[in-house]
Amino acid sequence: MLNFNMSKIVYIHTFGCQMNVHDSEKMLGVLQKEGYSSTDDPCKADLIIFNTCSIRQKAEQKFYTQLGRTKFLKKKKPEMKIAVAGCIAQHEGENIFKKALYVDFVFGPQNIHMLRDLVSERTASIAIEDNHEIAVTDLPVKRGDGVKAWVTIMYGCNNFCSYCIVPYTRGRERSRPTENIYSEVAELAEVGYKEITLLGQNVNSYSSDTDFPGLLKKLDRVGGIERIRFVTSHPKDLSDELIAAMSDLPKVCEHIHLPMQSGSSNILRLMNRGYTYEEYIRKVMRLRAKVPGISITSDIIAGFPGETEDDHLLTIKALKEIEFDGIFAFKFSPRPGTMAAAMVGHLIEVIKSERLSEILKVQDGITTRKNRSLEGTIQEIIIEGDGETDKEKLTGRTRTNKIVNIPKINPETSSGQKGAIINVEITKGRPHSLEGRPVEK
Ligand code: 5AD
Ligand code: SF4
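The shown structure was predicted, so the numbers you read here are calculated from the model rather than taken from an experiment. (Residues numbered from 1 in each chain as written. Chains lettered and ligands numbered in written order. Predicted model: local features only at pLDDT ≥ 70, side-chain atom pairs only at ≥ 80, totals over all residues. Heavy atoms only, no water.)

(A) Local environment of the overall build of the protein. Helices and strands together make up the secondary structure of the protein, namely 13 helices and 19 strands. Dimensions along the principal axes, computed over C-alpha positions, put the protein at roughly 60 × 60 × 45 Å. Among the 441 residues that make up the protein, the fraction classed as buried is 54%. Residue pairs in contact within the protein that sit at least 24 positions apart in sequence constitute 70% of those at least 6 positions apart. Summed over all atoms, the accessible surface of the protein reaches about 19,800 Å², with 52% contributed by carbon and sulfur. Where the 61 positive side-chain charges of the protein centre and where its 58 negative ones centre are 3 Å apart. (Helix = DSSP H or I, 4+ residues; strand = E, 2+ residues; numbered from the N terminus. Buried < 20%, exposed > 50% of the residue type's maximum accessible area, 1.4 Å probe, protein only. Contact = heavy atoms within 4.5 Å. Areas by Shrake-Rupley, 256 points an atom, 1.4 Å probe, with all protein chains shown as cover. Lys, Arg positive; Asp, Glu negative; His and termini not counted. Charge placed at Lys NZ, Arg CZ, Asp CG, Glu CD.)

So, in structure tokens, the structure goes:
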């Protein structure tokens, strides 16, 4: 048994998406109540948790490499506990123990609430049950930032896109009660948070006491919160009501991440996405007409099974036609148990790589051109802290979610501090960020 009178130290290694980063904040929240503090150094830890991602094979491989390293740590410090959480834990279950004998316990993304019992050995060493209560059980969260906060509004996914493992690891859609979300956001505002990002695999299919546009309307009224963002939206659930909410509600930012996946309607059908390219672009046009200056970002998969050269060229054409502000693009990665993994027409790696490079090259040109077109404009940013690469700079984001680096402002002044909302003139547009200088409001 662990001794709760002594302070214990946890190291959490997070792989994958924002959802996982936020799940790690929940794990820390639960563990803090059990007397744990966190460290960035695995050697100092009494407990190491790997919060894993199985969306693509690469993410899985990275985890297994890291897990292998902890074997030696544990040899030196046998009382150290090692846990595997997240989507690989959910998918692999007991197999994890066979692959790595030194793992102490395993729990899935729907069982974070079990962590209390798992660390104290009050329960068996595996917790991967479907948990339908997950939407109503509010877990404590240990957030680090102080300015921006993630807030989960729904769990799971019902869409079963043919390539995607998420519906198998995170279960069916469950929405949190509006009241609980509202209280969490109000509490965040009270302690000084300025920006919230509503999280869900499919946020715009949120359905509880109200629908997603209704939730946005409610949250827009929380005093102290200046910006509301949300990820990820599914194109098929992008309603006119949501577009109207984005247009009318002052705090809802002018940015949407709207994964297109492919510019070929044939491939979209095989992906089970529920829209054609023509339907997708019509929604993009409607967004741009109703929400001036909106930035639209997307996800693209290169080399889906059966994708012909013509299908690929349709994706390239779509990128040029739509001109996204940015994309995340990935090579198709077969995930065991998904429909696409069993399809015919898998492409060889070189073709997937070539197509991915071409997609990235075309988009890089578009992103750079778009960023340059912002030179000379005035943008509002919220300062998030020191620049990631250049500590002599401050960094912030525009409402359209673009990173802006500015020269350091005197930290004694209110505008030089984390959380300050200031206006900047964009002086340079780069491929992945902007440079600016502060100007009077
Ligand atoms: N292979 C490649 N990319 C994938 N994604 C999801 N599953 C796969 C897969 N099997 C991508 C999609 C999704 C993003 C989060 O990850 O583009 O939008
Ligand atoms: Fe995966 Fe599709 Fe659900 Fe997104 S909408 S999590 S891509 S199944």
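(B) Seen up close, the pairing of strand β4 (residues 81-85). The element β4 is largely enclosed, with a buried count of 5 among its 5 residues. Burial of the side chains of β4 extends over both faces: Lys-81, Ala-83 and Ala-85 are buried on one face and Ile-82 and Val-84 on the other. When strand β3 (residues 47-52) meets β4, the two strands line up parallel, connected through 5 bridges. Paired with Asn-51 across the strands is Ala-85, a residue of β4. Crossover β3 to β4 through helix α2 (residues 57-76) is right-handed. Judged from the 3 bridges that link them, β4 and strand β5 (residues 105-107) form a sheet pairing that is parallel. Bridging from a neighbouring strand, Val-84 pairs with Val-106 of β5. (Pairing = 2+ DSSP bridges. Right-handed = clockwise from strand over helix to strand, strands pointing away.)

(C) Highlighting the domain arrangement of the protein. By domain assignment, the protein separates into domain 1 (8-127), domain 2 (290-373) and domain 3 (378-439). The C-alpha-based centres of domain 1 and domain 2 are spaced at 32 Å. If you look at the interface, domain 1 gives 6 residues, while domain 2 gives 5 residues. Carbon and sulfur atoms supply 48% of the area buried between domain 1 and domain 2, which totals about 450 Å² over both sides. Among the residues domain 1 hides against domain 2, the three largest losses belong to Arg-56, Gln-57 and His-91. Together they make up 77% of the total. Where domain 1 packs against domain 2, one counts 1 salt bridge. (Domains from an automatic or database assignment. Buried area = accessible area lost by both parts, 1.4 Å probe. Salt bridge = Lys/Arg side-chain N within 4 Å of Asp/Glu carboxyl O.)

(D) Main features of the pattern of salt bridges. One pass over the structure, following the stated rule, counts 28 salt bridges. Across the salt bridge formed by Arg-170 and Asp-23, the nearest N and O atoms sit 3.1 Å from each other. Of this pair, Arg-170 sits in the loop between α6 (166-169) and β9 (174-175) while Asp-23 is found in helix α1 (residues 18-33), placing the two residues 147 residues apart along the sequence. Residue class for Asp-23 comes out buried when judged on its relative accessible area of 5%. For Glu-34, the salt bridge identified is with Arg-116, shortest N-O distance 3.1 Å. On the criterion of sequence distance, the pair formed by Glu-34 in the loop between α1 and β2 (36-38) and Arg-116 in helix α5 (residues 115-119) is long-range, its members being 82 residues apart. The network of salt bridges with shared partners includes Asp-138, Arg-143, Arg-176 and Glu-184.

(E) Local environment of empty space enclosed by the protein. Taken as a whole, this structure holds 2 cavities of 30 Å³ or more when the rule is applied. The volume enclosed by the largest cavity comes to roughly 80 Å³. Every residue lining the largest cavity is listed: Asp-23, Lys-26, Pro-109, Gln-110, Asn-111, Ile-112, His-113, Asn-131, Ile-134, Thr-137, Leu-139 and Tyr-155. Along the lines of polarity and charge, the residues of the lining of the largest cavity split into 5 nonpolar, 5 polar and 2 charged. When its volume is computed, the second largest cavity comes out at roughly 40 Å³. What lines the second largest cavity is Pro-109, Gln-110, Ile-134, Tyr-155, Gly-156, Arg-170 and Arg-174. Partitioning the lining of the second largest cavity into residue classes produces 3 nonpolar, 2 polar and 2 charged. (1 Å grid on protein atoms, 1.4 Å probe; cavity = no way out; pocket = protein on both sides within 12 Å on 5 of 7 lines; lining within 4 Å. Points joined across faces, edges and corners; volume = space filled by probe spheres on them. Nonpolar A, V, L, I, M, F, W, Y, C, P; charged D, E, K, R; others polar.)

(F) Layout of α2. The terminal C-alpha atoms of α2 lie 30 Å apart, and with 20 residues this matches the ideal 28 Å at 1.5 Å per residue to within 8%. Considering only its buried residues, α2 is in contact with β3, β4 and α3 (86-92). (Expected span 1.5 Å × (residues − 1).)

(G) The site of ligand 2, seen in detail. Taken together, Cys-157, Asn-159, Phe-160, Cys-161, Tyr-163, Cys-164, Val-166, Pro-167, Gln-201, His-234 and Arg-273 make up the full set of residues adjacent to ligand 2. Taken together, the residues of the shell around ligand 2 break down into 7 nonpolar, 3 polar and 1 charged. (Near = heavy atom within 4 Å.)

(H) Spatial organisation of the site of ligand 1. In the neighbourhood of ligand 1, the contacting residues comprise Ile-55, Arg-56, Tyr-163, Gln-261, Asp-299, Ile-301, Phe-330, Lys-331, Phe-332, Ser-333 and Arg-335. Taking Arg-56, its side chain carries an N or O atom lying 2.9 Å from an oxygen atom of ligand 1. Interatomic distance of 2.7 Å between a side-chain N/O atom of Gln-261 and an oxygen atom of ligand 1. For the shell around ligand 1, the elements supplying multiple residues, two or more each, are β13 (295-302) and β14 (326-331). Taken together, the residues of the shell around ligand 1 sort by class into 5 nonpolar, 2 polar and 4 charged. (Polar contact = N/O pair within 3.5 Å; in protein donor to acceptor, adjacent residues only side chain to side chain.)

(I) View of the sheet that holds strand β10 (residues 195-199). Here we have 3 strands laid out as an open sheet, ordered β7-β10-β11, and parallel in their pairing. Because the sheet does not close on itself, it has two edges, and the strands there are β7 (148-152) and β11 (227-231). Taken over all neighbouring pairs, the strand axes of this sheet differ in orientation by 25° on average, direction set aside. As paired elements, β10 and β11 share 5 bridges and run parallel to each other. Across the sheet, the residue bridging to Leu-198 is Phe-230, located in β11. Most of the contacts of α1 go to β7, to which it runs at about 95°, and overall it touches β7, β10 and β11. Across the sheet, helix α7 (residues 178-190) lies against β7 and β10, angled at about 170° from β7, the strand it touches most. (Axes fitted to C-alpha atoms, helices over the stretch in contact; angles between N-to-C directions.)

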